[in-house]
Each structure stands twice: as C-alpha cells, then as structure tokens.
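Architecture at a glance
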Amino acid sequence: MSLDLVSVDRAPAAGAVLLTGIPGSGKSTVAAALAGRLRMSAHIEVDALQEMIVSGGQWPSPAANPEADRQIFLRARNACLLADSFARAGFIPVLDDVVVRRSHLDFYRSTLAALPLHLVVLAPGPTVARRRNQAREKVLATDWSPLDEAMRSELRHQGIWIDNAAQTVEETVDAILSVTGLASSSEVDQPPR
C-alpha cells in the first residue's frame, strides 16, 4: 500500500489576530464570529489549551502563583505553535487570550514574529464585563474586573482598542475587519466545496 504525500502548506496567511480583553469582554464570542467571517481561518481559544492539562494544571488567580504564571506562557507557546501551523497552511489564526501584561504580549509578538500580528483589545469597561460574567452560563467565581486597570496601564498604546460595550458581536467584527484590513468571506471568492 502506498500513501501519496499531501502538501499541507501553501501560500501563508495574511496575518494573525490576537484578540484580548478581560474576562467578560467578549473575546471568545467575537473571536469565533470573526473566524467565521474570514474565508480561511482557525479560532484558537487559549483557555481550551489550558484545559488540555489533565493533571497539575493551575489556572491564573489573583494571588501570586509562579506555577500558574509559567503555565500562562506554556499555553501561549502552544497557541503560537498552532497559529504558525495554521498560517503556513493559509489559514488566518484568530487567537483569544487574556493578555494583561506587556511581557505576555511581547512573548506573543516574538514567538509569532514571522506573521503580521494584529492586536485587538476589547475594552467594554469593568462594569460591563462584570455584568456579562454574571449573566453567562459559565459563571466565574473570581471578579476579574480589576484587570481592566492593569491592562490599560500595561497595554494602553498597543494595538487597536475597541469599546464594544454597546456593540453587537457583528458590529465588533465589522470594526475589527475594518481596522485590520483583513477581508471577510463576503469580500473574497469562496473556495469550492
């Protein structure tokens, strides 16, 4: 039996999107919708990579925890490996992660240096984020709204900031497509199915 080798890679993607904001800002919902609007894309939900750790996983917490901090960078590294692989195969990776510190952002930038990286920060404000957290099915036990101030301090002049407090998901996606210059699937020929 012979197997024909299939070339996985092709012309690389036009770039990658790193969508961030505090919990409740709409990252995962907007990232999935954005990926759905792009012709060829992959949504990389970084929390899902953390969930792959079966034993010994430590989620971020307000208390100092060096192991949880190490795992933040571990999951970011794995997200970047996936993003690079998808991009080399022609898919625009849309990553969503809570990136609050400049060192975390710099890690993404240096690890994905071969791709144009569009940083988009969803910033509806802590009150809206807290209200959204309380209304969703996956209720968070920790109030993460203080991260808003830290994020604004560390990342204030980085990327594109979108106040999506009063926007629908589609309006937010439209804004992201506009500021990144990435084409939505309605603006390009659809691939044959």
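Further up the page is the structure itself.
What comes next is a walk through the structure. All residue numbers here refer to positions counted from 1 along the written sequence of the relevant chain. Given that the model is predicted, a residue must reach a pLDDT of at least 70 before its local features are reported, and side-chain atom pairs must reach 80 or more before they are shown or counted; all residues, however, enter totals for whole chains, interfaces and linings. Where side-chain values are given, they derive from all heavy atoms of the structure, hydrogens and water being excluded.

**Here's the deal with helix α4 (residues 102–111)**
Put simply, the rule is: Relative accessibility thresholds used throughout: buried, under 20% of the residue-type maximum; exposed, over 50%; partly exposed, between the two (1.4 Å probe, protein chains only). Numbering of helices and strands runs from the N terminus; a helix is a DSSP stretch of H or I covering at least four residues, while a strand is a stretch of E covering at least two. Read the arc as the range of directions from the helix axis to the C-beta atoms. Note on definitions: a residue-residue contact is assigned when non-hydrogen atoms from the two residues lie within 4.5 Å.
Listing the buried residues of α4 in full gives H104, L105 and Y108. Seen end-on, α4 carries its buried residues on one side only, within an arc spanning 100°. Of the surrounding secondary structure, the elements contacted by the buried residues of α4 are β1 (16–20), α2 (46–51), α3 (66–88), β3 (92–96), β4 (117–122) and α6 (147–155).

**Comments concerning the sheet that holds β4**
Note the following rule: Note on pairing: DSSP must find at least two bridges between two strands before they are called paired. Orientation is described by lines fitted to C-alpha atoms, with helices fitted over the stretch in contact, and by angles between N-to-C directions that extend from 0 to 180 degrees.
Pairing within the open sheet is parallel, and its five strands lie in the order β2-β3-β1-β4-β5. Both edges of this open sheet fall to β2 (41–45) and β5 (160–162), since each of them pairs with a single strand only. Across the sheet, the mean angle from the axis of one strand to that of its neighbour is 20°, orientation sign disregarded. Bridge count for β4 against β5 is three bridges, and the pairing is parallel. Its bridge partner lying in β5, V121 is registered against W161.

**Some words on the packing of aromatic side chains**
Each aromatic ring pair is summarised here by two numbers: the centre-to-centre distance and the angle between the ring planes. Put simply, the test is: Stacked, edge-to-face and tilted are the three classes for Phe, Tyr and Trp ring pairs, Trp counted by its six-membered ring, which pair at centre distances within 6.5 Å; planes under 30 degrees apart are stacked, over 60 edge-to-face, the rest tilted.
A full pass over the atoms with the stated rule returns two aromatic pairs. A ring pair is formed by F73 and F107, whose centres lie 5.3 Å apart and whose planes are at 85°; its orientation type is edge-to-face. Of the two residues, F73 sits in helix α3 while F107 sits in helix α4, which places them 34 residues apart along the sequence. In this structure F73 comes out as partly exposed when scored by relative accessible area, which is 30%. With a centroid separation of 6.2 Å and 75° between ring planes, the pair formed by F86 and F91 is classed as edge-to-face. Among the residues examined, F91 registers a relative accessible area of 29% and is labelled partly exposed.

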